[in-house]
Amino acid sequence: MAFQGSEDVEEQIEEPEDTLRVSPAEEMPVDGPPAAEEQDPEPLLLPWDRFSSWLHCICVVGFDLELGQAVEVIYPHHSKLTEKEKTSICYLSFPDSNSGCLGDTQFCFRFRQAAGRKSSLGCFLDHFDRDAPVCLKRDQGYYYGYVYFRQVRDKSLKRGYFQKSLVLISKLPYVTFFHSLLKLIAPEYFEKQEPCLEAACNDIDRWPTPCPGKILTLPIMGVVMKLRIPTCYDKPGTSQLVQSAPSDSLVSIILPTVHEVDLFRCFHPVFFHIQMLWELVLLGEALVVMAPSPAESSDTVLALVSCISPLRYCSDFRPYFTIHDSEFKEYTTRTQAPPSVILGVTNPFFAKTLQHWPHIIRIGDMKQAGEMAKQMKVKKLKNLKTLDSKPGVYTAYKPFLNKDEDIIKQLQKGVQQKRPSAAQNAILRRYFLELTQSFIIPLERYVASLMPLQKSISPWKSPPQLRPFNQEEFMKTLEKAGPQLTSRLKGDWIGLYRQFLRSPNFDGWFRNRRKEMTQKLEALHLEALCEEDLQLRIQRHTEVETVDLVLKLKEKLTQAEKDQLPVKPGTLPKLQAHIESIILSLPEDLQGILHKPPSP
């Protein structure tokens, strides 16, 4: 585990760059992730708990001539949505009329959860979040909507079209998985209606919970899906492929990823500017993607958010945003600077209302990856008059880093040689990963140096504090241990760091790292306590002092279990045994009092 003391920090700084992880605090411990028995709360699950660990609910949104879009069905029927949430789902589940989406269309959206809503499964779901990578943790305060929209001609209807959406509402950002699930459920639903939804929900409620690191086999509608959810212990840039086994005779679909979109296909229309887009996302700049359909809009926004992985994008992002959205006024006002958010839009009206935004990406119809994209210059914002403007990036932004021509040539060569799209996607994903790692490793090194020495941890004093982050001190470290050690790119790295340190992405990243390191200090303190001879210690204590020690140890044990501190295996049972032996050394009347569970 990282942060064992100053010696480890020194070793970490000096080891070769290719062995460095992006997040030292998330290194896999020697014994691996927590033991299986600690992870398995399955016996405690009640009816619909398994379903709720994957989905909040399933909605059917139809079109009524008098009412417009309306939620027709919510399943399971006990699922709760506020009126505001229902309204958001209604408007976001249908493409804008100008999109002309005939046939079946799939896309996703993201919307704010109503204030004050609390999940009865909160602590239970946090348990699984612990081992998930930062980009796959549940979205606090937001829901994702995964849509399967069907529009077909039907002369028997007044409008002449059948229009309906099946929508999965979830906290999980597993876009590839949920789109695959919808491809199985939606066509059956449109044919067999509600009984099909009931059957699907009952199937989902028999699934294992979405536990990172486990190979999951999920039966649905007579088909079996097999997948693995990544963990924070996986090496960034690698995916553990789910292999088919001889016993998999019933498995129909093996998903290689639950969440990754095809970066090359999404960035293909603007791939001459991928490095600039990476900078804009890294710095949390206000970005709008204008696309011809919700599918292209949502895929492009998700690709932008994931291009800085394994860093988590910490600002708001809306894969599909409409003029009916409750945040429309907040995000389009001209009285203040555009917020740190990425919006995906399709309505031509946005070309006018968002033309004051500093960075606009115009996506035309996504071509097949086999076609060559044309070299496009960055265009000035004043040239963007309508949504019919030519595809490109409209911005006055000047990148901090020099353009990397090698990646452009490599991708162009792949197009000419008809390299498979999956290979092009892998090349681009690896490029973004290495760029992000080169940027973040110096920050990780510096933050590791803020950790107190392990020898300063005393079991009988409070755990020592982390040193504060000093921007100028960090900047000085870049001269010898900056990104130049791992990246061949030249440019104003210092300027990029200064801008990043003012961004929501740095704030979110540093909060998370500080929490991890503080918990590590707490864990080391707890381990030091367990190594003490407490019986010898209490011989020098009065009865009152001994009772006080028991109460403090109990409090530490409760807090350690609640925070899931990264302690060595056996530490908490050992502390519990220490507490028991101390209590047994006290008079019987005090034993009875101390053995009573604390009142809630």
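These numbers were taken from a predicted model, which means no experiment stands behind them.

What to know about the overall build of the protein
Reasoning step 1: Check the secondary structure of the protein and you find 21 helices and 13 strands.
Reasoning step 2: Within the protein, the proportion of its 600 residues that are buried is 53%.
Reasoning step 3: Contacts in the protein between residues at least 24 apart in sequence constitute 74% of all its contacts with a sequence separation of at least 6.
Reasoning step 4: As displayed, the protein offers around 28,800 Å² of accessible surface, 53% of which is attributable to carbon and sulfur atoms.

Observations regarding the sheet that holds strand S4 (residues 142-153)
Reasoning step 1: The strand order S2-S1-S5-S4-S3 describes an open sheet built from 5 strands, whose pairing is antiparallel. At either end of the open sheet lies a strand with only one pairing partner, and these are strand S2 (68-75) and strand S3 (103-112). Neighbouring strand axes in the sheet, compared pairwise and without regard to direction, differ in orientation by 25° on average.
Reasoning step 2: Examined bridge by bridge, S3 and S4 share 10 bridges and lie antiparallel to one another. Each residue of the ladder has a partner; that of Asp-104, found in S4, is Arg-150.

What to know about the sheet that holds strand S9 (residues 287-290)
Reasoning step 1: Strand order in the open sheet made by the 5 strands is S10-S11-S9-S12-S13, with mixed pairing throughout. Only two strands of the sheet have a single neighbouring strand rather than two, namely strand S10 (316-318) and strand S13 (392-395). Across the sheet, the mean angle separating the axes of adjacent strands is 15° when strand polarity is ignored.
Reasoning step 2: Here 4 bridges tie S9 to strand S12 (residues 359-362), and the two strands are oriented parallel to one another. Note that in S12 the partner of Val-288 across the bridge is Ile-360.
Reasoning step 3: Seen against the sheet, helix H9 (residues 274-282) touches S9, strand S11 (341-345), S12 and S13 and runs at an angle of roughly 50° to S13.

Focus on the packing of aromatic side chains
Reasoning step 1: A complete count under the given rule lists 40 aromatic pairs for this structure.
Reasoning step 2: Each ring, one from Phe-111 and one from Tyr-143, has its centre 5.7 Å from the other, and the planes form 40°; the classification is tilted. Placement of the pair is Phe-111 in strand S3 and Tyr-143 in strand S4, with a sequence separation of 32 residues. Just as Phe-111 is buried, Tyr-143 falls in that class too.
Reasoning step 3: When the ring centre of Tyr-142 is taken as origin, the NZ or CZ atom of Arg-110, which lies over that ring, is 3.8 Å away.
Reasoning step 4: Its guanidinium or amino end placed over the ring of Tyr-143, Lys-171 lies 4.9 Å from that ring's centre, counting from NZ or CZ.

A closer look at the packing of helix H6 (residues 175-192) against helix H7 (residues 194-204)
Reasoning step 1: Viewed as axis vectors pointing N to C, H6 and H7 meet at an angle of 150°, and their least axial separation amounts to 7 Å. Classified by the interaxial angle, the pair formed by H6 and H7 is roughly antiparallel. Across from Leu-181, Ile-185, Glu-188, Tyr-189 and Lys-192 in H6, the residues of H7 making contact are Glu-194, Pro-195, Cys-196, Leu-197, Ala-200 and Ile-204.

With respect to the pattern of salt bridges
Reasoning step 1: On inspection of all chains with the given rule, the structure shows 28 salt bridges.
Reasoning step 2: Residue Asp-404 pairs with Arg-488 through a salt bridge whose shortest N-O separation is 3.1 Å. Separated by 84 residues along the polypeptide, Asp-404 in the loop between S13 and helix H13 (405-416) and Arg-488 in the loop between helix H15 (471-481) and helix H16 (493-500) bring together distant segments of the chain.
Reasoning step 3: Between Lys-574 and Glu-531 there is a salt bridge, with the nearest N and O atoms lying 3.2 Å from each other. With Lys-574 in helix H20 (residues 571-584) and Glu-531 in the loop between helix H17 (504-530) and helix H18 (534-538), this pair connects stretches of sequence that are 43 residues apart.
Reasoning step 4: Relative accessible area serves as the criterion here: at 36%, Lys-574 is assigned to the partly exposed category.
Reasoning step 5: What you see here is one network of salt bridges that share partners, running through Arg-110, Arg-112, Asp-139, Arg-312, Asp-316, Arg-318, Asp-325, Glu-327 and Glu-330.

A look at the confidence of the model for the protein
Reasoning step 1: Per-residue pLDDT for the protein has a mean of 83; in total, 83% of the residues score no lower than 70.
Reasoning step 2: Considering only residues more than four positions removed or in separate chains, one finds that residues 1-32, a stretch of pLDDT under 50, has 64 contacts.
Reasoning step 3: Confidence drops under pLDDT 50 across residues 368-372; counting only partners more than four residues distant or on other chains, this segment forms 13 contacts.

Observations regarding the nonpolar core
Most often, soluble globular proteins have nonpolar side chains that are buried together.
Reasoning step 1: Core analysis: the largest hydrophobic core is formed by 110 residues, its most contacted members being Trp-54, Phe-177 and Leu-443.
Reasoning step 2: In terms of nonpolar packing, the next biggest core, distinct from the first, is built from 22 residues, Val-547, Leu-549, Leu-553 and Ile-583 among them.

Remarks on unusual backbone geometry
Reasoning step 1: The omega torsion across Tyr-75 and Pro-76 is -5°, close enough to zero to call that bond cis.
Reasoning step 2: Its place among the elements puts Pro-76 in the loop between S2 and helix H4 (83-92).
Reasoning step 3: For Trp-48, which is not glycine, the phi dihedral falls at a positive 75°.
Reasoning step 4: Summarising the element assignment, Trp-48 is placed in the loop between helix H2 (36-39) and helix H3 (49-54).
Reasoning step 5: On the basis of relative accessibility, which here comes to 22%, the residue Trp-48 falls in the partly exposed class.
Reasoning step 6: In this structure, Gln-564 takes a positive phi of about 50° despite not being glycine.
Reasoning step 7: Relative to the elements of secondary structure, Gln-564 occurs in the loop between helix H19 (543-563) and H20.

Brief notes about the environment of Ile-169
Reasoning step 1: Within the secondary structure layout, Ile-169 lies in strand S5 (residues 161-170).
Reasoning step 2: Once the C-alpha coordinates of Ile-169 and Cys-59 are considered, the two residues, 110 residues apart in sequence, prove to be 7.5 Å apart.

What about the environment of Asp-139?
Reasoning step 1: Mapped onto the elements of the fold, Asp-139 is located in the loop between helix H5 (122-129) and S4.
Reasoning step 2: According to the relative accessible area criterion, Asp-139 is buried, its value standing at 7%.
Reasoning step 3: Taking the C-alpha atoms as reference, Asp-139 lies 9.9 Å from Arg-112; in sequence the two are 27 residues apart.
Reasoning step 4: The residues touching Asp-139, leaving out its near neighbours within four places in the chain, are Arg-110, Tyr-144, Lys-171 and Arg-312.
Reasoning step 5: In terms of polar contacts, Asp-139 uses its side chain to reach the side chain of Arg-110, at 3.0 Å.

Calculation notes
- Residues numbered from 1 in each chain as written.
- Predicted model: local features only at pLDDT ≥ 70, side-chain atom pairs only at ≥ 80, totals over all residues.
- Heavy atoms only, no water.
- Helix = DSSP H or I, 4+ residues; strand = E, 2+ residues; numbered from the N terminus.
- Buried < 20%, exposed > 50% of the residue type's maximum accessible area, 1.4 Å probe, protein only.
- Contact = heavy atoms within 4.5 Å.
- Areas by Shrake-Rupley, 256 points an atom, 1.4 Å probe, with all protein chains shown as cover.
- Pairing = 2+ DSSP bridges.
- Axes fitted to C-alpha atoms, helices over the stretch in contact; angles between N-to-C directions.
- Phe/Tyr/Trp six-rings, centres within 6.5 Å; stacked < 30°, edge-to-face > 60°.
- Lys NZ or Arg CZ within 6 Å of the ring centre and 35° of its normal.
- Parallel < 35°, antiparallel > 145°, perpendicular 65-115°, else oblique.
- Salt bridge = Lys/Arg side-chain N within 4 Å of Asp/Glu carboxyl O.
- pLDDT = per-residue confidence, 0-100.
- Core = buried A, V, L, I, M, F, W, Y, C linked by side-chain atoms within 4.5 Å.
- Polar contact = N/O pair within 3.5 Å; in protein donor to acceptor, adjacent residues only side chain to side chain.

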